[in-house]
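# Residue-level structural notes
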Amino acid sequence: MKDQQLLQETYADLLHNETDPALLQLIQDLDSICNAPQPPTRLNWVEVRVMHTEQTFEKRVNILPFRARARQGRFLKHARILVAAIVLVLVLVGVGAVAPISNRLGGNQTAHAYTQVNQMQQDQDVKFTLLGAYASSSVTILVTAVQIGNERGHLVVPDGTLTYQQENLEISSASVFVAHVSHPNFSCQFYSYSAAHPPVDARTVTLIWHVDQISIGQLPLTRNPGQTIHGNWTFQFTILFHHDTSSPDTSTIDLTQC
Amino acid sequence: MEYSYTLAIDSEPDEVDDEAALVEAAKANPKAFEPLYQRYKARLYRYLLLRVRREEDAADLTQQVFLKALSALPSYRARGIPFAAWLFRIAHHIASDTYRLKKSAISWNTLSDDEGLIAEVNLEDHILQQERLTHLYQLLDQLDPFKRELLVLRFSAGLSAREIALVVGKSQPAVKKQLTRTLQRLKEQMV
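Residues numbered from 1 in each chain as written. Chains lettered and ligands numbered in written order. Predicted model: local features only at pLDDT ≥ 70, side-chain atom pairs only at ≥ 80, totals over all residues. Heavy atoms only, no water.

## Regarding the confidence of the model for chain A
Residue and element names in this part refer to chain A. Keep this limit in mind: One number per residue, pLDDT, summarises how confident the predictor is, and it ranges from 0 to 100. The numbering of helices and of strands both runs from the N terminus, where a helix is a DSSP run of H or I of at least 4 residues and a strand a run of E of at least 2. The contact criterion used throughout is that any non-hydrogen atoms of two residues lie within 4.5 Å.
Averaged over every residue, the pLDDT of chain A is 70; residues scoring 70 or more account for 63%. Looking at the elements of chain A, mean pLDDT is at its lowest for strand β1 (residues 65–67), recorded as 31, and at its highest for strand β3 (residues 115–123), recorded as 92. Confidence drops under pLDDT 50 across residues 57–110; counting only partners more than four residues distant or on other chains, this segment forms 136 contacts.

## Here's the deal with the pairing of β3 of chain A
Sheet faces and side chains relate simply in a regular strand, where the side chains alternate between the two faces. All names here are of chain A. Short version of the rule: When DSSP locates at least two bridges between a pair of strands, those strands are taken to pair.
Bridge count for β3 against strand β4 (residues 126–136) is 7 bridges, and the pairing is antiparallel. Bridge pairing in β4 links M120 to T129. With antiparallel pairing between neighbouring strands as the criterion, β3 and β4 make up a hairpin whose turn holds 2 residues, including Q124 at a positive phi of roughly 55°.

## Things to note about the packing of helix α1 (residues 19–28) of chain B against helix α2 (residues 34–52) of chain B
Residues and elements named next belong to chain B. We apply this condition: Helix axes use the C-alpha atoms of the stretch in contact, all axes being lines fitted to C-alpha atoms, and the angles between their N-to-C directions lie in the range 0 to 180 degrees. Note that the term roughly parallel is reserved for angles under 35 degrees, roughly antiparallel for angles over 145, roughly perpendicular for angles of 65 to 115, and oblique for everything else.
Two elements in contact, α1 and α2, have axes separated by 9 Å at closest approach and are oriented at 130°. By the criterion of interaxial angle, the relationship of α1 to α2 is oblique. Of α2, the residues touching α1 (which contributes E19, L22, V23 and A26) are P35, L36, R39 and Y40.

## Section: the packing of aromatic side chains
All names here are of chain A. The following threshold applies: Stacked, edge-to-face and tilted are the three classes for Phe, Tyr and Trp ring pairs, Trp counted by its six-membered ring, which pair at centre distances within 6.5 Å; planes under 30 degrees apart are stacked, over 60 edge-to-face, the rest tilted. Exposure is judged per residue with a 1.4 Å probe applied to protein chains only, and the accessible area is read against the type maximum: over 50% gives exposed, under 20% gives buried, and values in between give partly exposed.
Under the defined criterion, the tally for this structure stands at 18 aromatic pairs over all chains. Between F128 and W233, the aromatic rings sit 5.9 Å apart at their centres with planes inclined by 55°, giving tilted as the arrangement. Of the two residues, F128 is situated in strand β4 and W233 in strand β11 (residues 227–242); the sequence distance between them amounts to 105 residues. Classification of F128 by relative accessible area gives buried; the value is 0%. With relative accessibility at 0%, the residue W233 sits in the buried group. Centroid distance F128 to F235: 6.3 Å. Interplanar angle 65°. Geometry classified as edge-to-face. You can see F128 sitting in strand β4 and its partner F235 sitting in strand β11, a full 107 residues away along the chain.

## Remarks on the side chain of R154 of chain B
For clarity, the cut-off: We define a polar contact as two N or O atoms separated by no more than 3.5 Å, with the added condition that, inside protein, one atom must be a possible hydrogen donor and the other a possible acceptor, whereas residues neighbouring each other in sequence contribute only through side-chain atom pairs.
Along the polypeptide, R154 of chain B turns up in helix α6 (residues 145–155). Of the polar contacts made by the side chain of R154 of chain B, one reaches the side chain of D13 of chain A; its length is 2.9 Å. Residue contacts for R154 of chain B: discarding those within four places in its chain leaves T10, Y11, D13 and L14 of chain A together with L159, I164 and L179 of chain B.

## Brief notes about the pairing of β4 of chain A
Residues and elements named next belong to chain A. Taken across its 11 residues, β4 has 10 buried, putting it largely inside the fold. Relative to strand β5 (residues 140–148), β4 is paired through 9 bridges, and the arrangement is antiparallel. Residue A135 lies in a different strand from β5, and its bridge partner there is T140. The pairing of β4 with β11 spans 2 bridges and is classified as parallel. Its bridge partner being in β11, A135 is matched across the sheet by F241.

Right, here's the structure in full:
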């Protein structure tokens, strides 16, 4: 509750130097009512910054953007994911096509290397290999190869969480971009997430990638939403963090391992 | 076609107090928007809460307003419209759209449980204050939405009559006149 002098200063335009006690009381009450609510602690700048970065990223990259908001129902989410993937997937056949798509995801304007991870997790018939990852102030990119049974030519859209361990902060829930690079002999998936926000002196970040469901797009692509497989594929890994917005150099990851 | 996802270079904004300088800094680097976010967060939240009446919705809308402001910031020109008016105009439009979609009958009274309203007063004063506030809530609920909007912009958002005029698209004298009349009417009804 404001004291009378502060009240008169704040609302001088409404009080007109009046000393009407009823008007003063009314203004006091309105001030109390209107300024009582406190914003919840969940309101924070980082969330806005991340959402804005994602929007900017979506505008500039335009490769398979889709949103996987945690609040959305899984069915709806997957329907959207697969429609987006099917409509927009870039399927490039032939070795010569790998470099252009790689440049789109990484670009070689600046030479920042992916950190090799090479972890494999298998659940049921699905073998997930996390080949490498890259983290900067603008983006986190995971490069994977997925083998289902004996086949490796699928477009795989993961559902799960990517958590920045040091802050126990989930960074995966907002957006994922998928680019699928296929070749008769290999197929890679690039998953791009919003950036982690480690302390300014951090040289590395430790991430936990937990996938509990995958949706499989068929090749050649159709509007069929494809198969969904539930499972548990969890990776924990530490990679270099680049305190800038530079792009990763995709030539530093061996796509032939896919 | 070349793709690039190089974002604005992050650098710490200089310590600047002047709002115009903060806005210019944020235009050059979105990260520098944070001081403006901190400055307006509570005011925007309160304004939106009193518009949409639900804490969850108000919090979501607050973030939406800032996101929209951040995206639209490059086109903002300080000449003619203060930043606060520009920001609350975005909030005004977003809240209006939401209000149209959810024209629910949630009472202004939903805010009356807030302990923050109760100062340390004796029991009798406390009861009198509660009765007065309850009566005021009822009067506010019965107010024409436009008049209520003006009150919220003045008291919750802390905008001047000139800024309110820019938000709601009326002239400054008209806003000032309407505010004075509304307060006068409320005062009479409170007696």
